[in-house]
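An overview of the molecular structure
The chain contents come next:
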Amino acid sequence: MTAAATKQPSLKRKSSAVEDEAEFRRWTPEEVIERRLLPYKSARVLKQKCYRREVHHHLDGGRITFTAEDLRKENERTAVTPLAV
């Protein structure tokens, strides 16, 4: 057998398709807490912060949802940088 015949198929297509799908996915506060996508302990606390407009989110038809971009912005906003030694 040649090297070309035994070459394993790349999984890059599948991972990029999953990433593309995640960009359009909307998560509910319960899913965000369950998957630990944001540093909050309960969906109620997360919803209250959304009502006060303290957290990046969307109101789709009156329901609170989060996109991948919202989660990135919120994680960046709450990140703690280490002190320089």
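Bear in mind that the values here come from a model prediction, so they are computed numbers and not experimental data. (Residues numbered from 1 in each chain as written. Predicted model: local features only at pLDDT ≥ 70, side-chain atom pairs only at ≥ 80, totals over all residues. Heavy atoms only, no water.)

Some remarks on helix α5 (residues 68-77)
For an α-helix, the turn length of 3.6 residues means that residues three or four places apart are oriented alike. As a reminder, the rule being used: The buried label goes to any residue with under 20% of its type's maximum accessible area, the exposed label to any with over 50%, and the partly exposed label to all in between, with areas taken from a 1.4 Å probe on protein chains only. Comment: elements are numbered from the N terminus, with helices defined as DSSP H or I runs of at least four residues and strands as E runs of at least two. As used here, the arc is the angular range of directions from the helix axis to the C-beta atoms.
Of all the residues in α5, the buried ones are Ala-68, Asp-70, Leu-71 and Glu-74. One side of α5 carries all its buried residues, which in axial view fall inside an arc of 160°.

Some words on the pattern of salt bridges
Filter applied, for reference: A pair is scored as a salt bridge if a Lys or Arg side-chain nitrogen falls within 4 Å of a carboxyl oxygen belonging to Asp or Glu.
Applying the stated criterion to the full structure yields six salt bridges. Linking Lys-49 and Glu-54 is a salt bridge whose minimum nitrogen-to-oxygen distance equals 3.3 Å. Relative accessible area serves as the criterion here: at 35%, Glu-54 is assigned to the partly exposed category. Measuring nitrogen to oxygen at the nearest pair gives 3.1 Å for the salt bridge that ties Arg-72 to Glu-69. Here Arg-72 and its partner Glu-69 are both found in helix α5, three residues apart, which amounts to about one turn of the helix.

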